[in-house]
Amino acid sequence: MSAALNPIARLAAFGGRPRFDRALHVGRPNMGDRGRYLGYINGMLDRGILTNYGPLVRELETRLAESLGVRHAVSVCNGTMALELGVRALGMKGEVIMPAFTFVATAHALQWQEIKPVFVDIDPRTCTIDPERVERAITPRTTGIVGVHLWGRACDTEALADIARRRGLRLMYDAAHAFGCSHGGRLIGGFGDCEVFSLHATKVLHAGEGGVIATNDDHLAERVRYMQNFGFQGQDNVVFLGLNGKMSEACAAMGLCNLDSVEEFIAANRSRHERYRGGLAGIPGVVFLEYPAEERNNYQYLIVELEQGDFGLSRDQVYRLLQAENVLSRRYFFPGCHRMEPYRSLYAYPEYRVPVTEALCGRVLALPTGPQMGEDDVDGVCELFRFFHEQAPAIRAALG
Ligand SMILES: *Cc1c(COP(=O)(O)O)cnc(C)c1O
């Protein structure tokens, strides 16, 4: 693919080579201080405690509960398992309403437990689940709602809480994108019955692999704790069906080390965001995703929407052109969950049911950002967008 496109890149007078010598990735891990990390790891090796709710996991949970302002932050081996545990501990079954526009793990966490994910459309203003459509999708089989704070932008938590209360539904949030984000002056983490964070390597705060269930509900926290440890209550007493969802000490070490630096990551993300905003300003057809001024965001996701008519090239054409220049952007999220298996085969979701999702899936592009990326790299990517737009007719002709 990229070989075929390199002649296009040459048009850029970049000497026939890709614009960047090394690849710029989306979601390259944020790295805290290596010395601190090795300090945590050395402590772990000295103690000889590698897992089973060791001191590093405990410290991480305490510090996460403090940072999120919640009573409980239960660590889990990854975000998907944390979603599954939350769903099960809340007693969701039958049908659960969620947005089609999210990472597929949100849907899998339901379907894995034979719960039907009922996909509804998003509100175009927030790109999060549309409460009106939630209300209309409720059936006698509905037991819950899973909202997703997409790109760290909060769901309409007030409207969703109101629906959940009136209709007797459980309310959970997939907050995988939303560590360090706020809504209505409150940090994300304390909304709904529980909120689930991912600490995967691509997230703003990560532990390599990891997940967190944040909740103010003592009873729920207790249930997920038993469930993630085979259902054990104490040494010999099994009180629930359980599995192994424990976080290891080595992961907690990475999480603690990164938690020490997460404000620096966010500051670096924010400055890249500002730089992109300036660099892309005024290019027709490039719609820069702003974050609401009244909400705090972690700026981990640099999102643009491409309008083919104004820009001159389609999103997919730009995606491939960027690849040829070593800019590895991602189509987050494309396609919608409803178009992925097993959902496409199991449930017929005609396009018209999620028109906003369909439109956004075809236009959205996540660009590389983060502390690992220099400001001159940002300038280079913006230059490429300007060039692609200016040369759009020639590029279209060359692409055939
Ligand atoms: C990353 C992510 C997950 C899954 O988290 P893992 O820790 O990778 O299992 C779930 N939902 C969303 C929206 C995500 O971005």
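Residues numbered from 1 in each chain as written. Predicted model: local features only at pLDDT ≥ 70, side-chain atom pairs only at ≥ 80, totals over all residues. Heavy atoms only, no water.

Colleague: Tell me about the layout of surface pockets, and name the residues and values.
Modeller: Taken as a whole, the largest pocket spans an internal volume of roughly 530 Å³. In terms of lining residues, the largest pocket is bounded by 32 residues, among which Phe103, Ser198, His200, Thr202 and Lys203 are the most central. Every element with two or more residues in the lining of the largest pocket is listed here: α4 (79-89), α5 (105-111) and β9 (194-198). If you tally residues by element for the lining of the largest pocket, the top one is α4, at 3 residues. Of the residues contributing to the lining of the largest pocket, the split by class is 12 nonpolar, 16 polar and 4 charged. When residues of the lining of the largest pocket are assigned to domains, at least three fall in each of domain 1 (34-258) and domain 2 (262-399). If you add up the space inside the second largest pocket, you get close to 230 Å³. Taken together, Asn52, Tyr53, Val57, Ser75, Arg225, Tyr226, Gln228, Asn229, Phe232, Gly234, Lys246 and Met247 make up the full set of residues lining the second largest pocket. (1 Å grid on protein atoms, 1.4 Å probe; cavity = no way out; pocket = protein on both sides within 12 Å on 5 of 7 lines; lining within 4 Å. Points joined across faces, edges and corners; volume = space filled by probe spheres on them. Helix = DSSP H or I, 4+ residues; strand = E, 2+ residues; numbered from the N terminus. Nonpolar A, V, L, I, M, F, W, Y, C, P; charged D, E, K, R; others polar. Domains from an automatic or database assignment.)

Colleague: Now, about helix α11 (residues 315-324): what can you tell me, with residues and values included?
Modeller: Those residues of α11 that fall on the buried side of the exposure criterion are Arg315, Val318, Tyr319, Leu321, Leu322 and Ala324. One or two residues past the end of α11 sits Asn326, with phi positive at roughly 75 degrees. (Buried < 20%, exposed > 50% of the residue type's maximum accessible area, 1.4 Å probe, protein only.)

Colleague: I'd like a rundown of the environment of Gly234, residues and numbers included.
Modeller: Its location among the elements puts Gly234 in the loop between β11 (232-233) and β12 (237-238). Taking C-alpha positions, Gly234 is 35 Å from Thr142, a pair spaced 92 residues apart along the chain.

Colleague: Give a description of empty space enclosed by the protein that names residues and reports values.
Modeller: Evaluation of the coordinates by the stated rule reveals 1 cavity of 30 Å³ or more. One number sums up the size of the largest cavity: a volume of about 60 Å³. Lining the largest cavity are Arg22, Ala23, Leu24, His25, Arg28, Pro368, Thr369, Gln372 and Met373. For the lining of the largest cavity, the per-class residue count stands at 4 nonpolar, 3 polar and 2 charged.

Colleague: Just give me the short version of the environment of Met98, but keep the residues and values in it.
Modeller: Note on placement: Met98 falls in strand β3 (residues 95-99). Between the alpha carbons of Met98 and Glu59 there is a distance of 33 Å; along the sequence they are 39 residues apart. The contacts of Met98, once residues within four sequence positions are left out, are Thr106, Ala107, Leu110, Pro117, Val118, Phe119, Val120, Ile129 and Val146. (Contact = heavy atoms within 4.5 Å.)

Colleague: Go over the site of the ligand with me, naming the residues and quoting the values.
Modeller: In the vicinity of the ligand, 14 residues are found, and the nearest of them are Gly79, Thr80, Asp174, Ser198 and Lys203. With respect to the ligand, the side chain of Thr80 contributes an N or O atom lying 2.6 Å from an oxygen atom. Contact distances for the ligand include 2.7 Å between a nitrogen atom and a side-chain N or O atom of Asp174. Protein coverage of the free-state accessible area of the ligand, which is 380 Å², stands at 92%. When each cavity is represented as a set of grid points, the ligand is found to reside in the largest pocket. Looking at the shell around the ligand, the elements that each hand over two or more residues are α4 and α5. Looking at side-chain class alone, the shell around the ligand contains 3 nonpolar, 9 polar and 2 charged residues. (Near = heavy atom within 4 Å. Polar contact = N/O pair within 3.5 Å; in protein donor to acceptor, adjacent residues only side chain to side chain. Areas by Shrake-Rupley, 256 points an atom, 1.4 Å probe, with all protein chains shown as cover. Sits in = over half its atoms within 2 Å of the grid points.)

Colleague: Please set out unusual backbone geometry residue by residue, giving values where relevant.
Modeller: The peptide bond linking Tyr332 to Phe333 adopts the cis configuration, its omega dihedral lying at 0 degrees. Tracing the sequence through the fold places Phe333 in the loop between β15 (327-328) and α12 (343-346). For Asn52, which is not glycine, the phi torsion reads 65 degrees and is therefore positive. By the secondary structure assignment, Asn52 is in the loop between α2 (34-47) and α3 (55-68). What makes Asn52 exposed here is its relative accessible area of 53%. In this model, Cys127 sits at a positive phi of 60 degrees, which is unusual for a non-glycine residue. Tracing the backbone through its elements, the reader meets Cys127 in the loop between β4 (116-120) and α6 (131-137).

Colleague: A description of the domain arrangement of the protein should follow, citing residues and the corresponding values.
Modeller: When cut into domains, the protein gives domain 1 (34-258) and domain 2 (262-399). Listed as interface residues are 35 residues of domain 1 and, on the opposing side, 35 residues of domain 2. Broken down residue by residue, the surface that domain 1 buries against domain 2 is led by Phe119, Trp151 and Val204, which jointly contribute 24%. Across the domain 1-domain 2 interface, the total number found is 0 salt bridges. Inspection of the region where domain 1 meets domain 2 yields 16 residue pairs in polar contact (both at pLDDT 80 or more). Listing elements by their share of the side of domain 1 that touches domain 2, those giving two or more residues are α5, β4 and β7 (182-183). With 5 residues, β4 is the largest single contributor of residues to the side of domain 1 that touches domain 2. For the side of domain 1 that touches domain 2, the per-class residue count stands at 20 nonpolar, 10 polar and 5 charged. (Buried area = accessible area lost by both parts, 1.4 Å probe. Salt bridge = Lys/Arg side-chain N within 4 Å of Asp/Glu carboxyl O.)

Colleague: Quick rundown of the sheet that holds β9? Include the residues and the values.
Modeller: Sheet architecture is open: 7 strands sit in the order β2-β10-β9-β6-β5-β3-β4, paired in mixed fashion. Here the strands that pair on one side only, and so sit at the sheet edges, are β2 (72-76) and β4. For this sheet, the mean inter-axis angle between neighbouring strands, taken without regard to orientation, is 25 degrees. For β9 and strand β10 (residues 211-215), the ladder comprises 4 bridges, and the chain directions are antiparallel. Paired with Ser198 across the bridge in β10 is Gly211. The sheet strands contacting helix α7 (residues 157-167) are β5 (142-148) and β6 (170-174), and the helix crosses β6 at an angle near 150 degrees. Contacts from helix α8 (residues 218-227) reach β2, β9 and β10, with the element oriented near 15 degrees to β2. (Pairing = 2+ DSSP bridges. Axes fitted to C-alpha atoms, helices over the stretch in contact; angles between N-to-C directions.)

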